[in-house]
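# Coordinate analysis (summary)
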Amino acid sequence: MSEQKTGMVSVIVPTRNSDKFLDLCLHCIVNQTYQNIEVILCDGASEDRTVRIIENYIKEYPYIRCLALEDRGVSFSRNAGIEVAEGEYIIFVDSDDFLQPTACEVLVKEAQRTGAELVMAGYRRMMTRENTEPSAGVFEGAEEFASHMREYCDFRDNCIKPVWNKLYRKEGLRARFSEKMDLREDILFNLAVLERAERIAVISDTVYEYNNEKAMQNYYRYREDGFVIETLVHEKLMDFMEKYGQEDKSFVYSNYMKTLAIQIIALIHKSGWSENECKKRLQEWMEHPVILDLVEHYEPTDRKEKKLLKMLARQKKSAVYRYYKTFERGKL
């Protein structure tokens, strides 16, 4: 592991055929008001103009370097960047997103002011121009933070899930991204960081521009492993809350209900499966222990959640199919 340089921020940017936005992404990074940075571009065998753009920046900015990697996914690239990072702090940036000009400065200032190992901030969705601005606070370890999880883990304005609105202190950073996953790997990484952090700071400043165009396009995309991954994340969140003595887990259930509805819509409208095949898969899901736990312990207040939970409780796969086939088409 590389020797750390005091005050330096290692900005890790995975790239893979990223030429559409990479130039603007890098422009925002090299023009940070905080200049004690290094930029580690982790390229997964790009075949477009990405490498040419990177080479041009390396010529002009000596603190930029590139790791030429195999195409093994974003988790592999991020892990490779962590291993060679020389900064005291780490920031992750996706190659189609942009840092606010003062991002590094405000995050480092908060880390130095509080001594936090993890600093979390707000972000903006570029497509809709909506801001997520978390409530500021400083928390002594995971147990205290867990008592405030509801504030930061809302389904719509989730500040815990992404890695790109955060600054991590490298010393003691043992968490790594699961290279077996390319969905929700970020929240599992963050939960592992939270477990070990002695101090967590949150600021309301918007530090990141999230290009959610691709996310919106893929919102209802069907994945064969989608239900399994979303259920795993739900279980990890439940474990986290239980470990730190939090009895009210209703928001975790609610988040999962919303995710489950998305999975059902994707299955019915995007999988290409027949009605019978969809119903068979719905039956399998309904018999999963997590769904059974949901039915037993969750008391929703939302009308749509109540309706879905009632159908799940009665194992009404045909009713679920009809409802999401007919009434949820407008979401697509």
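Before reading on, note that the structure itself is shown above.
The notes below deal with the structure included here.

Conventions adopted
Sequence positions are assigned chain by chain, starting from 1 and proceeding in written order. A pLDDT threshold of at least 70 governs which residues receive local features in this predicted model, and a stricter bar of 80 or more applies before side-chain atom pairs are shown or counted, although totals over entire chains, interfaces and linings include all residues. The side-chain figures draw on all heavy atoms in the structure; neither hydrogens nor water molecules are used. Think of it this way: a Phe, Tyr or Trp ring, Trp meaning its six-membered ring, pairs with another when their centres are within 6.5 Å, and the plane angle makes it stacked under 30 degrees, edge-to-face over 60, tilted otherwise. Runs of E in the DSSP output that reach at least two residues are strands. Runs of H or I that reach at least four are helices, and both are numbered from the N terminus. Any residue under 20% of the maximum accessible area for its type is buried, any over 50% is exposed, and the rest in between are partly exposed; the area is computed with a 1.4 Å probe on protein chains only. Only when the NZ of Lys or the CZ of Arg is both within 6 Å of the ring centre and within 35 degrees of the ring normal is a charge said to sit over the ring. For two strands to be treated as a pair, DSSP must find no fewer than two bridges joining them. The rule for a disulfide is simple: a pair of cysteine sulfur atoms within 2.5 Å. Only buried residues count toward a nonpolar core, which is a set of Ala, Val, Leu, Ile, Met, Phe, Trp, Tyr and Cys residues joined through side-chain atoms within 4.5 Å. The contact criterion used is simple: two residues touch if any of their non-hydrogen atoms lie within 4.5 Å. Structural elements are reduced to axes, namely lines fitted to C-alpha atoms, with helices fitted over the stretch in contact, and the angle between N-to-C directions of any two is expressed from 0 to 180 degrees. With respect to orientation, any angle under 35 degrees is reported as roughly parallel, any angle over 145 as roughly antiparallel, any angle of 65 to 115 as roughly perpendicular, and every other angle as oblique. Definition used for salt bridges: Asp or Glu carboxyl oxygen within 4 Å of a side-chain nitrogen of Lys or Arg.

### Comments concerning the packing of aromatic side chains
Scanning the model with the defined rule gives 20 aromatic pairs in all. On the basis of an interplanar angle of 65° and a centroid distance of 6.3 Å, the ring pair of F21 and F98 is categorised as edge-to-face. On the criterion of sequence distance, the pair formed by F21 in the loop between strand 1 (5–15) and helix 1 (22–30) and F98 in strand 5 (residues 98–99) is long-range, its members being 77 residues apart. F98 sits in the buried class, given a relative accessible area of 8%. Each ring, one from F139 and one from F145, has its centre 5.4 Å from the other, and the planes form 80°; the classification is edge-to-face. Lying across the ring of F177, R78 places its NZ or CZ 5.1 Å from the centre.

### A word on the pairing of strand 10 (residues 200–210)
With eight of its eleven residues buried, strand 10 lies for the most part within the structure. Two elements, strand 5 and strand 10, share two bridges in a ladder whose sense is antiparallel. Within strand 10, the residue paired with F98 across the bridge is E209. Pairing analysis gives seven bridges linking strand 6 (residues 118–125) to strand 10, with the strands arranged parallel. Bridging across to strand 10, R125 finds its partner in Y210.

### Concerning unusual backbone geometry
Positive phi values are uncommon outside glycine, yet R129 reaches one of about 60°. Note on placement: R129 falls in the loop between strand 6 and strand 7 (130–132). Within the chain, R184 stands out as a residue other than glycine whose phi angle is a positive 65°. As for its position among the elements, R184 is in the loop between strand 9 (166–169) and helix 7 (185–196). We classify R184 as partly exposed; its relative accessible area is 26%.

### Observations regarding the pairing of strand 4 (residues 87–92)
Most of strand 4 is tucked away, with six of its six residues classed as buried. One ladder, built from two bridges, connects strand 4 with strand 9; its direction is antiparallel. In the strand pairing of strand 9, I90 is matched with Y168.

### Concerning the environment of P101
You can see P101 is positioned in the loop between strand 5 and helix 4 (103–114). According to the relative accessible area criterion, P101 is partly exposed, its value standing at 45%. When the C-alpha atoms of P101 and E60 are compared, they prove to be 19 Å apart, with 41 residues separating the residues in sequence.

### Focus on the state of the cysteines
This structure, assessed with the given rule, holds zero disulfides. C25 provides the cysteine sulfur closest to C28, a residue in no disulfide bond, and the two sulfurs are 7.0 Å apart. The class for C28 is buried, based on a relative accessible area of 16%. Looking at the unpaired C153, the closest cysteine sulfur is the one in C159, lying at 9.7 Å. According to the relative accessible area criterion, C153 is buried, its value standing at 0%.

### Brief notes about the nonpolar core
Counting 117 residues, the largest nonpolar core has V9, I29, F145, M149, F189 and Y324 as its most contacted members. The dominant element in this core, judged by the number of residues it contributes, is helix 10 (residues 250–270), at 13 residues. When neighbours within four sequence positions are excluded, F145 is seen to be in contact with M120, F139, Y152, I160, L194, I200 and V202.

### Things to note about the packing of helix 10 against helix 13 (residues 303–313)
Where helix 10 contacts helix 13, the two axes come as close as 11 Å, and the packing angle between them is 75°. Between helix 10 and helix 13, the angle is such that the two are roughly perpendicular. Mapping the contact onto sequence places S254, M257, K258, L260, A261 and I264 in helix 10 and E305, L308, L309 and L312 in helix 13.

### Re the pattern of salt bridges
Considering all chains together, one arrives at 25 salt bridges under this definition. For E284, the salt bridge goes to R281, with nearest N and O atoms at 3.0 Å. In this pair, E284 and R281 are both assigned in helix 11 (residues 275–286), three residues apart and thus about one turn of the helix distant. Shared partners join several salt bridges into a network, and the residues in it are R78, D94 and E185.

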